Amino acid sequence: MIPPFSLVIFGATGDLTQKKLIPSLFKLFLDKKLPSEFVIIGFSRRPIAKEEFYILIQSVIKRKKSYNEVIWREFTKHVVYIQGEFENREAYGKIKEYLNKANTMLYLATPPKYYETILDNIAASGLAQKTQKGWTRILIEKPFGKDLQTAVMLDSKLDTLFKEEQIYRIDHYLGKETVQNIIAFRFANGIFDPVWNNNYLDHVQITLSEKEGVENRGAFYDGVGALRDVTQNHLMQLVAMIAMESPRSFSSQGVREARSKAISVVRCISEDEVSNNVVRGQYEGYKTEKNVSANSQTETFVALKLFVDTERFKRVPFYIRSGKGMKEDVVEISLVFKQVCHILFKEVGCPEEGNILTMRIQPNEGIRLIFIAKEPGHEMKLSAINMAFTYESEFKSKEVVDAYERVLEDAFMGDQMLFNRSDELVSSWRFITEILKGWEKGQSKLLIYPKGSAGPKEADDLIKRDRRKWV
Ligand code: BG6
């Protein structure tokens, strides 16, 4: 059971709080997972009354099936709002008045440019100090820095205020049910890990594609872009989940160590190789989005080819891509196995596509294995067919828990397994920063792609050059 807590959300009127944090906290409350003693302290710059704040944070929840007005009113009894500028030290004093005596969770859900100021003021106002009775923890949202140097700086600042066991660096992709299932699928079944290596694997593909554009997040997104927004974190974590060796134990330490080792051996693409290995795009119309600069050079699409330097993945390329304004909402990982046409079938011919194992992260969460079968009939004719599992059909009565719900619950319980360790971030930023340097030198031209498409054609060329194609 989650112990009593005070949760301070910096950036309480922002998009993340409305769309993810409050809905997840409310769901935990509905499911009776929150303790009787808790307080959520929203802290933001917007000068609004408490009632207006409630209306604001209610808007997303109200549209959900699980919404219940009576329970919502109960919930809001635990919620307070403090208006204050992040720079204004005195405002932090007000937070203290509401803290209960037990445990304190500080949540940085603001644009990253405020992190340093907020951390300074948290320190100056004594909020970082451990209470005698309980713990103090800090949850920090991505993007964690904007390149290697700023990430390291931010980390050392955190380090002066908190111990590693108090720091929870969020990457909500690690909280996704389907991402956690990668470990179960690979290691709990005896038949997959033995082929999870370069003897059998041809390559790996990871796609994170979103139909929506930047919507009302232009002010945040412009200048950040797809490389920092989702590649440095979500995609790199997915690479780690596939590339890692077996954790020593299914513990926070074991799993974090295995992820970290995998990311640390992702081979950096040197600045002058960037244009050959990285495709950078922007959807048509992006420059006219709200709060986006009219001559913005921010990428909304990235595709790249990388290698993980382990014996297991030697010469097995990973092709990864992410984009907004795409034709589909889909996040999936495909392990494409080597396709050799067996001598028995040389004459009748084999299908071009052989064995592909696809893990669908979302939506329609599940796993699909493409394999070859004989078509019914007198003749021996082979074709590639699907064997599929979906969470919906197999686990009917069990809902897939939302990632934010999961990571919040874990943070309250003190489980750091699904949170980034400092060295994971340093390694992924090292990789990403080399690409950024290449871009600064003019490598990878910004390519415009039609909204609702599969991204620039050059992303197809990237993989076609190696005589492969996107699944
Ligand atoms: C966030 C990014 O971290 O992840 C967003 O900032 C992106 O730009 C989102 O849309 C995707 O998350 P999910 O859970 O909707 O796949």
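Note that the structure is predicted; figures quoted are calculated from it, not measured.

Each value, and the rule that gives it
- Residues numbered from 1 in each chain as written.
- Predicted model: local features only at pLDDT ≥ 70, side-chain atom pairs only at ≥ 80, totals over all residues.
- Heavy atoms only, no water.
- Domains from an automatic or database assignment.
- Contact = heavy atoms within 4.5 Å.
- Buried area = accessible area lost by both parts, 1.4 Å probe.
- Salt bridge = Lys/Arg side-chain N within 4 Å of Asp/Glu carboxyl O.
- Pairing = 2+ DSSP bridges.
- Helix = DSSP H or I, 4+ residues; strand = E, 2+ residues; numbered from the N terminus.
- Axes fitted to C-alpha atoms, helices over the stretch in contact; angles between N-to-C directions.
- Patch = residues over 30% accessible without salt bridge, like charges linked within 9 Å, V, L, I, M, F, W, Y side chains within 5 Å.
- Areas by Shrake-Rupley, 256 points an atom, 1.4 Å probe, with all protein chains shown as cover.
- Lys, Arg positive; Asp, Glu negative; His and termini not counted.
- Charge placed at Lys NZ, Arg CZ, Asp CG, Glu CD.
- Parallel < 35°, antiparallel > 145°, perpendicular 65-115°, else oblique.
- Nonpolar A, V, L, I, M, F, W, Y, C, P; charged D, E, K, R; others polar.
- Near = heavy atom within 4 Å.
- Polar contact = N/O pair within 3.5 Å; in protein donor to acceptor, adjacent residues only side chain to side chain.
- Buried < 20%, exposed > 50% of the residue type's maximum accessible area, 1.4 Å probe, protein only.

## Details of the domain arrangement of the protein chain
Part 1: Taken domain by domain, the protein chain holds domain 1 (5-141) and domain 2 (174-464).
Part 2: Here domain 1 and domain 2 have C-alpha centroids that lie 32 Å from each other.
Part 3: Every contact between the two is made by 20 residues of domain 1 and, on the other side, 14 residues of domain 2.
Part 4: Between domain 1 and domain 2, a total of about 1400 Å² is buried, with carbon and sulfur atoms accounting for 65% of that surface.
Part 5: When the buried surface of domain 1 facing domain 2 is broken down by residue, Ser24, Lys27 and Leu28 rank first, second and third, together holding 28% of it.
Part 6: Taken together, the links from domain 1 to domain 2 amount to three salt bridges.
Part 7: When the shortest N-O distance is used, the salt bridge between Glu409 and Lys33 registers 3.5 Å.

## A closer look at the sheet that holds strand β6 (residues 167-170)
Part 1: Ordered in space as β3-β2-β1-β4-β5-β6-β15, the seven strands form an open sheet in which the pairing is mixed. Looking at strand neighbours, the two that pair on one side only are β3 (79-83) and β15 (419-420), the edges of this open sheet.
Part 2: Of the pairings in the sheet, the one linking β6 to β15 comprises two bridges and is antiparallel in character. When the bridges of β15 are listed, Ile170 appears paired with Phe419.

## Things to note about the sheet that holds strand β13 (residues 366-374)
Part 1: Judged by pairing direction, the sheet is mixed, and its nine strands sit side by side in the order β14-β13-β12-β11-β7-β10-β9-β8-β16 without closing on themselves. Two strands close off the open sheet at either side, each with one partner strand: β14 (382-390) and β16 (446-449). Along the sheet, successive strands turn relative to each other by an average axial angle of 20°, direction set aside.
Part 2: Where helix α9 (residues 225-243) meets the sheet, it contacts β7 (201-209), β9 (301-306), β10 (318-323), β11 (330-337) and β12 (356-362), and its direction lies at approximately 145° from that of β10.
Part 3: Helix-sheet contacts for helix α15 (residues 457-464) involve β7, β8 (278-283), β9, β10 and β16, and the interaxial angle to β9 is about 10°.

## Digging into a negative patch on the surface
Part 1: Taken together, the side chains of Glu212, Glu215, Glu328 and Asp329 make up a negatively charged region of the molecular surface.
Part 2: Turning to its location among the elements, Glu212 is positioned in the loop between β7 and α8 (218-221).

## Structural notes on the packing of helix α1 (residues 15-30) against helix α3 (residues 69-76)
Helices that pack against each other are described as a pair by the angle of their axes relative to one another and the distance between those axes.
Part 1: Here α1 crosses α3 at 105°, and the two axes come no closer than 11 Å. For the element pair α1 / α3, the angle class is roughly perpendicular. Between α1 and α3, the contacting residues are Ile22, Leu25, Phe26, Phe29 and Leu30 on the first element and Ile71, Trp72, Glu74 and Phe75 on the second.
Part 2: When grouped by side-chain class, the residues that make up the contact of α1 with α3 number eight nonpolar, no polar and one charged.

## With respect to the site of the ligand
Part 1: Taken together, Lys142, His172, Tyr173, Lys176, Glu210, Arg217, Asp229, Val230, His234, Lys324 and Gln362 are the residues near the ligand.
Part 2: With respect to the ligand, the side chain of Asp229 contributes an N or O atom lying 2.6 Å from an oxygen atom.
Part 3: Between the ligand and Gln362 there is a distance of 2.8 Å, counted from an oxygen atom to a side-chain nitrogen or oxygen.
Part 4: Computed on the free molecule, the ligand has an accessible area of 400 Å², of which 82% lies beneath the protein chains in the complex.
Part 5: Looking at the shell around the ligand, the element that brings in the most residues is α9, giving three residues.
Part 6: Of the residues assigned to the shell around the ligand, the class counts are two nonpolar, three polar and six charged.

## A few points about the pairing of β8
Look at any regular strand and the pattern is simple: side chains alternate between the two faces of the sheet.
Part 1: Counting buried positions along β8 gives six out of six residues, so the element sits mostly inside the fold.
Part 2: Here β8 shows two buried faces, one formed by Val278, Arg280 and Gln282 and the other by Val279, Gly281 and Tyr283.
Part 3: With four bridges joining them, β8 and β9 adopt antiparallel strand pairing. Each bridged residue has a counterpart across the sheet, and for Gly281 the counterpart in β9 is Phe301.

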